[in-house]
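Fold and geometry: a report
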Amino acid sequence: MSDKVIITAALTGAVTPKEKNPNVPLTPEEIAEDAYKCWKAGAAIVHIHMRDSEGQGTMDADRFEKTAALIREKCDVVVNMTTSGDHRASDEERMKHIDRLAPEMASFDAGSFNWMPAGVFMNTPQFLDKLGRLMTEKNVKPEIEVFDSGMMDIAQYYVAQGVIKAPLHFQFVLGVLGGMGGTVKNLVYLLDKLPEGSTWSAFGVGKDHLPIMMAAIGMGGHIRVGLEDNIYYSKGRLASNEELVARAARLVKEANKEVATPAEARQILGLKGMK
Ligand code: ZN
């Protein structure tokens, strides 16, 4: 399976309003429709956030449930749910949908930092301990989101504590001011620290999107695209999720690799599968 590349589509995120890009899907119906289009274009996984009726990020478990059900009516794409979609939410609110829905995958942001200039992205040791234990209990695969290299050590700490289980799947997030910059050199540095047996994916935010994607494909990783991370297709030209996935799939094929299906992604990542 080493020539298979998993494309994750990060459809919505917690922040970007329609005013910045009208293609950002906000309602459960819009998100499910975009998930379907991205699946058709080659995405094996969709990473989802919820928005409330005002378009603000929310951890509303009912919305996650409704959206996941709508997606499941349409296709077999892997659903990866965020655990950090609303900075006002309590630890318990951030885990409620994981507890209730036990998705195949969810994000595990392995540390806190200043997400400039918005505020502190808070993932306390106590929260990560509770989240990790819940994910292990529910057989939810943690996607270890790494914004800076020390977060890889934090993830390993929780493995050593028995909170989460190896092999880990890392998602390297590069180019957020406050985390590591979106350079290939930084990606290479992170890969040097990769625990044996791990799987990994990477993406750059904004203008760093394309170089990191091409480097990740070249270095044997998986990739993530989508309007959560980058709202442009090219300079000044707004993107849709579907066309970002389609471009990623073309790049994978041009590199003489293959786009992983959801079934292949489940095998590569050791997911429990659909309910
Ligand atoms: Zn996210």
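The text that follows walks through the structure, step by step, so that each part is easy to find. As the structure is a prediction and not an experimental result, all values here were calculated from the model. (Residues numbered from 1 in each chain as written. Predicted model: local features only at pLDDT ≥ 70, side-chain atom pairs only at ≥ 80, totals over all residues. Heavy atoms only, no water.)

Below, the discussion takes up the coordination of the zinc ion. Every protein donor of the zinc ion is listed here as His47 (NE2), His49 (NE2), Glu228 (OE) and Glu228 (OE), and their distances to the metal cover 2.1 to 2.7 Å. Metal-centred angles of 52 to 133° between the four donor atoms at the zinc ion mark the site as irregular. Motif for the zinc ion, donor spacing along one chain: H-x1-H-x178-E. Owing to a relative accessible area of 4%, His49 belongs among the buried residues under this scheme. (Donors = N, O, S within 2.8 Å, 3.2 Å for Na, K, Ca; no water. Tetrahedral: all angles 85-135°; square planar, octahedral: opposite > 155°, others 65-115°. Buried < 20%, exposed > 50% of the residue type's maximum accessible area, 1.4 Å probe, protein only.)

The next subject is the side chain of Asn230. In this structure, Asn230 sits in the loop between β13 (222-225) and β14 (232-234). Classification of Asn230 as buried rests on a relative accessible area of 6%. Here the side chain of Asn230 touches Tyr232 through a polar contact of 3.0 Å, landing on its backbone oxygen. (Helix = DSSP H or I, 4+ residues; strand = E, 2+ residues; numbered from the N terminus. Polar contact = N/O pair within 3.5 Å; in protein donor to acceptor, adjacent residues only side chain to side chain.)

Moving on, we get to the state of the cysteines. Enumeration according to the criterion identifies zero disulfides in this entry. Residue Cys38 stays outside any disulfide, its sulfur separated by 9.6 Å from that of Cys75, the closest cysteine. Given a relative accessible area of 0%, Cys38 falls into the buried group. (Disulfide = S-S within 2.5 Å.)

This part covers a nonpolar patch on the surface. Together, Val184, Val188 and Met219 line one region of the surface with nonpolar side chains, adding up to about 200 Å² of accessible area. In this structure Met219 comes out as partly exposed when scored by relative accessible area, which is 33%. (Patch = residues over 30% accessible without salt bridge, like charges linked within 9 Å, V, L, I, M, F, W, Y side chains within 5 Å. Areas by Shrake-Rupley, 256 points an atom, 1.4 Å probe, with all protein chains shown as cover. Salt bridge = Lys/Arg side-chain N within 4 Å of Asp/Glu carboxyl O.)

Moving on: the side chain of Arg266. Within the secondary structure, Arg266 sits in helix α9 (residues 262-269). On the accessibility criterion, Arg266 (10% relative accessible area) is buried. Ignoring sequence-local partners within four residues, the contact set of Arg266 consists of Arg72, Asp76, Val77, Val78, Glu104, Leu271, Gly273 and Met274. (Contact = heavy atoms within 4.5 Å.)

For the rest of this paragraph, the subject is the nonpolar core. General note: in soluble globular proteins, nonpolar side chains tend to be found buried as a group. Counting 77 residues, the largest nonpolar core has Ile48 and Phe172 as the members making the most contacts within it. In this structure, Phe172 is in contact with Val146, Met152, Leu187, Leu190, Leu191, Leu194, Trp200, Ser201, Ala202 and Phe203, ignoring residues within four places of it in sequence. In terms of nonpolar packing, the next biggest core, distinct from the first, is built from nine residues, Ala44, Ile45, Ala260 and Leu269 among them. (Core = buried A, V, L, I, M, F, W, Y, C linked by side-chain atoms within 4.5 Å.)

Evaluation of the coordinates by the stated rule reveals 11 aromatic pairs. Ring centres of Phe108 and Tyr158 lie 6.0 Å apart, and the angle between their planes is 80°; on these two criteria the pair is classed as edge-to-face. Of this pair, Phe108 sits in strand β7 (residues 105-109) while Tyr158 sits in helix α5 (residues 150-160); the two residues are 50 residues apart in sequence, bridging distant segments of the chain. Residues Phe108 and Tyr158 agree in their burial class; the two are buried. Here Phe113 and Trp115 contribute two aromatic rings whose centre-to-centre distance is 5.6 Å and whose plane-to-plane angle is 20°, an arrangement assigned as stacked. Trp115 gets classed as partly exposed once you look at its relative accessible area, which sits at 33%. Sitting over the ring of Tyr233, Arg247 keeps its end group 4.0 Å from the ring centre. (Phe/Tyr/Trp six-rings, centres within 6.5 Å; stacked < 30°, edge-to-face > 60°. Lys NZ or Arg CZ within 6 Å of the ring centre and 35° of its normal.)

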